[in-house]
Amino acid sequence: MSTYEASNATPVSASPPAPDHAPQLKAKGLRLAKLRSANGARLILGSVLGLLLIITWIVNNPALSGSGPSDWKSELCAADLKNTMNNGETKGAPQQTVVDGRYANDIAERARINRRATA
């Protein structure tokens, strides 16, 4: 045990002694079932991720939702025509940025309309 000297030159212990009447604390840890190896954990994690991948693939499949890229052809053509006409009227980078933003909004609007129609 380490000690130090106080200003009155009497040695004092670094930590005070615990009183005899204080209850002793016991550390309670979280006990989980242990896998025999790290490969078991990898196998479980890989299986869960694989299952989530398959579920995501099935839910987002455009063939199952009834809406495909061919359904959007006319809407995309209209948005492209509008973009081409607006590009001819721009005279600088700020105007071109606005036109590009409107084109992106037109495409997003067409996609949202198609999603509602197929849902």
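Residues numbered from 1 in each chain as written. Predicted model: local features only at pLDDT ≥ 70, side-chain atom pairs only at ≥ 80, totals over all residues. Heavy atoms only, no water.

1. Some thoughts on the overall build of the protein chain
Of regular secondary structure, the protein chain possesses four helices and two strands. The buried share of the protein chain, taken over its 119 residues, is 8%. A separation threshold of at least 6 residues defines the contact pool for the protein chain, and within that pool the share at least 24 residues apart is 37%. Accessible surface, the protein chain as shown: approximately 10,700 Å² in total, 62% of it carbon and sulfur. (Helix = DSSP H or I, 4+ residues; strand = E, 2+ residues; numbered from the N terminus. Buried < 20%, exposed > 50% of the residue type's maximum accessible area, 1.4 Å probe, protein only. Contact = heavy atoms within 4.5 Å. Areas by Shrake-Rupley, 256 points an atom, 1.4 Å probe, with all protein chains shown as cover.)

2. Side note on the confidence of the model for the protein chain
Residues with a pLDDT of 70 or more make up 55% of the protein chain, whose mean pLDDT is 75. Between the elements of the protein chain, mean pLDDT differs from a low of 58, seen in strand β1 (residues 3-5), to a high of 90, seen in helix α1 (residues 38-59). (pLDDT = per-residue confidence, 0-100.)

3. Side note on a nonpolar patch on the surface
Taken together, the side chains of I44, L45, V48, L49, L51, L52, I55 and V59 present a nonpolar region at the surface, about 770 Å² in accessible area. Locating I44 in the fold gives a position in helix α1. Here I44 falls in the partly exposed class, since its relative accessible area comes to 49%. (Patch = residues over 30% accessible without salt bridge, like charges linked within 9 Å, V, L, I, M, F, W, Y side chains within 5 Å. Salt bridge = Lys/Arg side-chain N within 4 Å of Asp/Glu carboxyl O.)

4. A word on the side chain of D106
Inspection of the secondary structure assignment puts D106 in helix α4 (residues 93-118). When its relative accessible area of 17% is taken as the criterion, D106 is described as buried. In this structure D106 touches A79 and K82, once residues within four positions along its chain are discounted.

5. Regarding the side chain of T90
Here T90 shows up in the loop between α3 (73-88) and α4. Looking at T90, its side chain comes within polar contact range of the side chain of Q96, at 3.3 Å. Apart from the residues lying within four places of it in its own chain, the contact partners of T90 are Q95, Q96 and V99. (Polar contact = N/O pair within 3.5 Å; in protein donor to acceptor, adjacent residues only side chain to side chain.)

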